[in-house]
Amino acid sequence: MTDRQDKPFGLSDLEAIIARRAKESPDVSYTAKLVAAGVGRSAKKLGEEAVEAVIAAVENDRNGLVSESADVLYHLLVVLHARDIALQDVLNELERRTAQSGLAEKASRGA
Ligand SMILES: N=c1c2ncn([C@@H]3O[C@H](COP(=O)(O)OP(=O)(O)OP(=O)(O)O)[C@@H](O)[C@H]3O)c2ncn1[C@@H]1O[C@H](COP(=O)(O)O)[C@@H](O)[C@H]1O
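Here, residues in each chain are numbered from 1, in the same order as that chain's written sequence. Confidence filtering applies because this is a predicted model: local features only for residues at pLDDT of at least 70, side-chain atom pairs given and counted only at 80 or more, and all residues used for totals across whole chains, interfaces and linings. The basis for every side-chain value is the complete set of heavy atoms in the structure, and neither hydrogens nor water enter the calculation.

Looking at an unreviewed UniProt entry, one finds the protein chain named Phosphoribosyl-ATP pyrophosphatase, with Pseudochelatococcus lubricantis as its source organism. Annotation of the protein chain in UniProt includes, under Subcellular location (unreviewed entry), the sentence "Cytoplasm". UniProt positions are given in the numbering used here, feature names are shortened, and annotations may be inferred rather than shown by experiment.

Right, dumping it as C-alpha cells:
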C-alpha cells in the first residue's frame, strides 16, 4: 500500500504538490502561473476566495462553503510558498496557541 492509501490527504500533501508544480512552466500549471505573477497576485486571489467563503457561510451554502474553503486553503499555501514560509511554521504557531484560550489571549492584550 502506498502512503496515499494509508492516510487521508492533508495540507502537507498539497504543500508538496504546490512546491513541485511551482517549478513547472506557467503554460502547464496554474500554480506556476500564480507564482510567476508575484506574491501580490496570489495574495489578491486569497483575499477574493476568502470573501467568497464568507458569502457562502453567511448564505448557508454548504457546498459553496466547502468549495470556497478549498480555494482559500490552496491559495493560502501558494502565498506561504511565495513568501518561503513552511506550513509547519503556521501549525507550530497554532500549537503554541493551544496553551491558552482565545478569550484569555484577547484579555491579555486588553482588547
Ligand atoms: N487545489 C488547487 C486549486 N484550487 C483552486 N485552484 C484554481 O484556482 C483558480 C480559482 O480562481 P477563480 O475561481 O477565480 O477562477 P479563474 O477565473 O480561473 O482564476 P484567475 O484566472 O482569475 O486566476 C481556478 O483556476 C482553480 O482551478 C486550484 N489549482 C490547483 N490546485 C491544486 O494544485 C495542483 C496543481 O495544479 P497546477 O499547478 O495547475 O498543475 C492541482 O492538482 C490541485 O491539487
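### A word on the site of the ligand
Around the ligand, the neighbouring residues are Leu-14, Ile-17, Arg-21, Ser-29, Tyr-30, Thr-31, Arg-41, Lys-45, Glu-49, Asp-71, Tyr-74 and His-75. Any pair of nitrogen or oxygen atoms within 3.5 Å is treated as a polar contact; in protein, a donor-acceptor pairing is required on top of that, and neighbouring residues in sequence qualify only through side-chain atoms on both sides. In this structure, an oxygen atom belonging to the ligand sits 2.5 Å away from a side-chain N or O atom of Ser-29. Areas reported here follow the Shrake-Rupley algorithm with a probe of radius 1.4 Å; residue values treat only the protein chains shown as occluding. Taken by itself the ligand offers 820 Å² of open surface, and the protein chains cover 54% of this. A run of DSSP states H or I qualifies as a helix once it reaches four residues; a run of E qualifies as a strand once it reaches two. Both are numbered from the N-terminal end. Only helix H2 (11–21), helix H3 (30–36), helix H4 (39–58) and helix H5 (62–82) provide two or more residues apiece to the shell around the ligand. Nearness of a residue to a molecule or strand requires only that one of the residue's heavy atoms be within 4 Å of it.

### Considerations on the nonpolar core
The nonpolar core is taken to be a set of buried Ala, Val, Leu, Ile, Met, Phe, Trp, Tyr and Cys residues, with the residues joined through side-chain atoms within 4.5 Å. Throughout, exposure labels follow a simple rule: accessible area from a 1.4 Å probe, protein chains only, divided by the maximum for the residue type, with under 20% read as buried, over 50% as exposed, and the rest as partly exposed. In terms of nonpolar packing, the biggest core is built from 8 residues, these being Leu-14, Ile-18, Leu-34, Tyr-74, Leu-77, Val-78, Leu-80 and Leu-87. Looking at this core, the elements that each hand over two or more residues are H2 and H5. Ranked by the residues each element gives to this core, the list is headed by H5, at 4 residues.

### Comments concerning the environment of Ala-36
Summarising the element assignment, Ala-36 is placed in helix H3. Exposure remark for Ala-36: the relative accessible area of 59% places this residue in the exposed category. When the C-alpha atoms of Ala-36 and Ala-82 are compared, they prove to be 9.4 Å apart, with 46 residues separating the residues in sequence.

### Thoughts on a nonpolar patch on the surface
A surface patch of nonpolar side chains, amounting to about 290 Å² of accessible area, comprises Ile-85, Val-90, Leu-91 and Leu-94. With respect to the helices and strands, the residue Ile-85 is situated in the loop between H5 and helix H6 (87–97). Residue classification places Ile-85 among the partly exposed positions, given a relative accessible area of 37%. Two joining distances apply to patches: 9 Å for like charges and 5 Å for nonpolar side chains (Val, Leu, Ile, Met, Phe, Trp, Tyr), and every residue must have over 30% relative accessible area and no salt bridge. The salt bridge definition used is simple: a Lys or Arg side-chain nitrogen within 4 Å of an Asp or Glu carboxyl oxygen.

### Here we look at the packing of H4 against H5
In helix packing, the relevant descriptors are the interaxial angle and the interaxial distance, both defined with respect to the helix axes. Structural elements are reduced to axes, namely lines fitted to C-alpha atoms, with helices fitted over the stretch in contact, and the angle between N-to-C directions of any two is expressed from 0 to 180 degrees. Contact pair H4 / H5: the axes reach a minimum separation of 8 Å and the direction vectors enclose 160°. Relative to H5, the element H4 is oriented roughly antiparallel. Where H4 crosses over H5, the handedness of that crossing is left-handed. Of the residues in H5, those in contact with Val-39, Ser-42, Ala-43, Lys-45, Leu-46, Glu-49, Ala-50, Glu-52, Ala-53, Ala-56 and Ala-57 of H4 are Gly-64, Leu-65, Glu-68, Asp-71, Val-72, His-75, Leu-76, Val-78, Val-79 and Ala-82. Per-class residue counts for the contact of H4 with H5 are 13 nonpolar, 3 polar and 5 charged. Convention used here: angles under 35 degrees read as roughly parallel, angles over 145 as roughly antiparallel, angles from 65 to 115 as roughly perpendicular, and any remaining angle as oblique. Crossing chirality is assigned from the near helix's rotation relative to the far helix, an anticlockwise turn below a right angle marking it left-handed and a clockwise turn marking it right-handed. Residue contacts are defined here by distance: any two heavy atoms, one from each residue, within 4.5 Å place the two residues in contact. Note that Gly is not counted as nonpolar here; it falls among the polar residues with everything else outside the nonpolar set of Ala, Val, Leu, Ile, Met, Phe, Trp, Tyr, Cys and Pro and the charged set of Asp, Glu, Lys and Arg.

### Quick word on the pattern of salt bridges
Pairing between side chains of opposite charge can happen when the charged atoms of each approach one another. Counted according to the given criterion, the structure contains 7 salt bridges. Across the salt bridge formed by Lys-44 and Glu-48, the nearest N and O atoms sit 3.1 Å from each other. Separated by 4 residues within a single helix, Lys-44 and Glu-48 lie in helix H4, roughly one turn from each other. In this structure, the salt-bridge partner of Glu-93 is Arg-97, at a minimum N-O distance of 3.0 Å. Of the two residues, Glu-93 and Arg-97 are both situated in helix H6; the distance of 4 residues between them amounts to about one turn of the helix. Overall, Glu-93 belongs to the partly exposed group, its relative accessible area being 28%. Overall, Arg-97 belongs to the partly exposed group, its relative accessible area being 49%. Salt bridges sharing common partners tie together Lys-44, Lys-45, Glu-48 and Glu-49.

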